[in-house]
Amino acid sequence: MVYAAILGYGTVGSGVAHVLEENRDMINKKAGEAISVRYILDLRDFPGDPNEDKVVHDFDIILHDPEVSVICETMGGLEPAYTFSRKALLAGKSVCTSNKELVAAHGPELLQLARENNCNYLFEASVGGGIPIIRPMNYSLTAEKIDGITGILNGTTNYILTKMKREGADFATVLKEAQEKGYAEKNPEADVEGHDACRKIAILSSLMLGKTVHYEDIYTEGITQITVEDFRYAKELERTVKLLAISKLTDEGCFVMVAPFLISNTNPLHGIHDVYNAVFVHSNMLGDSMYYGKGAGKLPTASAVVSDVVDCARHQGKTVMCFWDAEEVKPIDYRTVVRRFFVRADSRELEETKAREVFGEIAVIRLADKPQEYGFVTPPMAEQAFAERRDGLKGILGRIRLED
């Protein structure tokens, strides 16, 4: 018998308990041993809940029970999740987590503790919810040199952008609807400003390199400045707007960024809609592969946590290898990267002839019912060069990068 504890009985934690019960026979068969939840740690009580008798309020009860070998950390945030995870690993108890903030901040340290104490720190659910991506990178692609990862890693922003495109509604209207439906938090900053996707691409970049990429070093933009007009111009260009998290190896180093991009209709990520996520991976032997599914939600995320619990049950007393050490890698300066840009301009303040004079041979797009503005696509240029030409120029309404 493998005894587990769940830290935090919120959306994901209660989902873990549900998955373990609902699929018990199949899970136990695949684990090679029965798995049972012994404790649930939470500040609250849950009268009437099927697991109310398992609820405790003191982590030390779990820590000092020698029969508990696996802990599911579904609390979120840095503290007390970090302290509890560290203590558990030091005691030789494996930890499975959905906490991307904690993994991004302390992943190498906690992995090292797991190795030193013959247990595991697993975090499949921290990126992409129920999408299997961590395990494929650690196992299925071990013969590959991964040199590029591009993902739609946040379901909230993808839902908002999908609704804006389909319904022609503005950002504020769609955000409010997303909050009412529970797709967006009351304070949506982590999602709409790109911070959530930033932490996730930091984790994936670190796994790609085997070294640490800090999320604080990643240039990040959100979607708050995206407009309905942007989608109309995108349609004329046979493109759409997506919030992408990109990590690519170049001759100069590793380039990492989170920002809205105009992607072509032939891009595999073009058809990823609503709350779905996808991770597009390029490696030197396989070439392209893509991993798609629900990137958040109670049961998809809980399913990923439970898959890690099964892995822990299969590897009791052994550490599942994960190549991610504490050596730091700084992403290259995003301002040196060459790309094309889409620009919206007010024709009353920035005439087309002036735009050509400043940016070179541009491709102009116009909307029939918007005579006082136009859009244009620049030739390829470095981010720094674009910024220098744009600065001080009147009439720029917005800009979005292009990714093919």
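Residues numbered from 1 in each chain as written. Predicted model: local features only at pLDDT ≥ 70, side-chain atom pairs only at ≥ 80, totals over all residues. Heavy atoms only, no water.

J.: Can you walk me through the pattern of salt bridges in this structure?
T.: Opposite charge on two side chains permits pairing when their charged atoms draw close. Evaluated as defined, the whole model comprises 33 salt bridges. One salt bridge connects Asp 196 with Lys 200, and the closest N-O pair in it is separated by 2.8 Å. Of this pair, Asp 196 and Lys 200 both sit in helix H10 (residues 195–209), four residues apart, which is roughly one turn of the helix. Note on accessibility: Asp 196 and Lys 200 belong to one class, buried. Taking the shortest distance from any N to any O, the salt bridge between Asp 217 and Lys 330 comes out at 3.2 Å. Placement of Asp 217 in the loop between H10 and strand S8 (219–220) and of Lys 330 in the loop between helix H12 (298–314) and strand S13 (338–339) is noted, with a sequence separation of 113 residues between them. Classification of Asp 217 as partly exposed rests on a relative accessible area of 29%. When its relative accessible area of 59% is taken as the criterion, Lys 330 is described as exposed. Through salt bridges that share partners, Glu 221, Lys 248, Arg 339, Glu 383, Arg 399, Arg 401 and Glu 403 make up one connected network. (Salt bridge = Lys/Arg side-chain N within 4 Å of Asp/Glu carboxyl O. Helix = DSSP H or I, 4+ residues; strand = E, 2+ residues; numbered from the N terminus. Buried < 20%, exposed > 50% of the residue type's maximum accessible area, 1.4 Å probe, protein only.)

J.: Help me out: how do you make sense of the packing of aromatic side chains in this one?
T.: For any two aromatic rings, the description comes down to two numbers: the centre-to-centre distance and the angle of the planes. Under the defined criterion, the tally for this structure stands at twelve aromatic pairs. Ring centres 4.9 Å apart and planes at 80° place the aromatic pair Tyr 9 and Phe 46 in the edge-to-face group. Here Tyr 9, found in the loop between strand S1 (2–7) and helix H1 (11–22), pairs with Phe 46, found in the loop between strand S2 (35–41) and strand S3 (55–56); they are 37 residues apart in sequence, far enough to count as distant. Across this residue pair, the class does not change: Tyr 9 and Phe 46 are buried. Seen in terms of ring centroids, Tyr 233 and Phe 342 are 5.3 Å apart; in terms of plane orientation they differ by 50°. Their pairing is tilted. You can see Tyr 233 sitting in helix H11 (residues 228–236) and its partner Phe 342 sitting in strand S14 (residues 341–346), a full 109 residues away along the chain. In terms of burial, Tyr 233 and Phe 342 fall into one category: buried. One aromatic cluster is present, formed by Phe 341, Phe 359, Tyr 374, Phe 376 and Phe 386 through successive ring pairs. Taking NZ or CZ as reference, Arg 38 lies 3.9 Å from the ring centre of Tyr 3, over its face. (Phe/Tyr/Trp six-rings, centres within 6.5 Å; stacked < 30°, edge-to-face > 60°. Lys NZ or Arg CZ within 6 Å of the ring centre and 35° of its normal.)

J.: In this structure, what is going on with unusual backbone geometry? I would like to understand it.
T.: Only a minority of non-glycine residues have a phi that is not negative, and only a minority of peptide bonds are not trans. A cis amide bond, omega 5°, links Glu 79 with the succeeding residue Pro 80. Mapping Pro 80 onto the fold places it in the loop between strand S4 (68–73) and helix H4 (81–90). With phi around 55°, Asn 118 is a residue other than glycine that occupies positive phi space. Following the sequence through the fold, Asn 118 ends up in the loop between helix H5 (100–116) and strand S6 (121–122). Positive phi outside glycine occurs at Asp 274, with the angle close to 55°. Structurally, Asp 274 can be placed in the loop between strand S10 (253–264) and strand S11 (276–283). Residue classification places Asp 274 among the partly exposed positions, given a relative accessible area of 24%.

J.: Can you help me understand the layout of surface pockets in this one?
T.: A probe as big as a water molecule, rolled over the atoms, marks out the empty space that is left. Volume-wise, the largest pocket comes out at about 1100 Å³. As for the largest pocket, its lining consists of 37 residues, and the residues nearest its centre are Lys 100, Glu 185, Asp 196, Ala 296 and Gly 297. Looking at side-chain class alone, the lining of the largest pocket contains ten nonpolar, 18 polar and nine charged residues. (1 Å grid on protein atoms, 1.4 Å probe; cavity = no way out; pocket = protein on both sides within 12 Å on 5 of 7 lines; lining within 4 Å. Points joined across faces, edges and corners; volume = space filled by probe spheres on them. Nonpolar A, V, L, I, M, F, W, Y, C, P; charged D, E, K, R; others polar.)

J.: I tried to follow the side chain of Ser 283 on my own but got confused; where do I start?
T.: As for its placement among the helices and strands, Ser 283 is situated in strand S11. Of the residues examined, Ser 283 reaches a relative accessible area of 1% and is grouped as buried. Beyond its immediate stretch of four places on either side in the chain, Ser 283 contacts Glu 144, Lys 145, Ile 146 and Asp 147. (Contact = heavy atoms within 4.5 Å.)

J.: Just to check I follow, could you spell out empty space enclosed by the protein for this structure?
T.: All told, the structure shown has three cavities of 30 Å³ or more when counted by the stated rule. Quantified by volume, the largest cavity comes out at close to 120 Å³. Along the wall of the largest cavity there are 13 residues; nearest its centre are Leu 122, Ile 134, Arg 135, Asn 138 and Asp 308. For the lining of the largest cavity, the elements supplying multiple residues, two or more each, are S6, helix H6 (134–140) and H12. Sort the elements by how many residues they give to the lining of the largest cavity and H6 lands first, with four residues.

J.: Can you walk me through the sheet that holds S2 in this structure?
T.: Sheet strands line up and pair through hydrogen bonds in the backbone, either parallel or antiparallel. Ordered by their spatial adjacency, six strands build an open sheet running S3-S2-S1-S4-S5-S6, and the pairing between neighbours is parallel. Of all the strands in the sheet, the pair left with one neighbour each is S3 and S6. As paired strands, S2 and S3 are joined by two bridges and run parallel to one another. Residue pairing across strands places Ile 40 opposite Val 55, the latter belonging to S3. In the packing of H1 onto the sheet, contacts are made with S1, S2 and S4, and the angle to S1 comes to roughly 155°. Its contacts with the sheet place H12 against S1, S2, S4, strand S5 (94–97) and S6, and it is angled at close to 160° to S5. (Pairing = 2+ DSSP bridges. Axes fitted to C-alpha atoms, helices over the stretch in contact; angles between N-to-C directions.)

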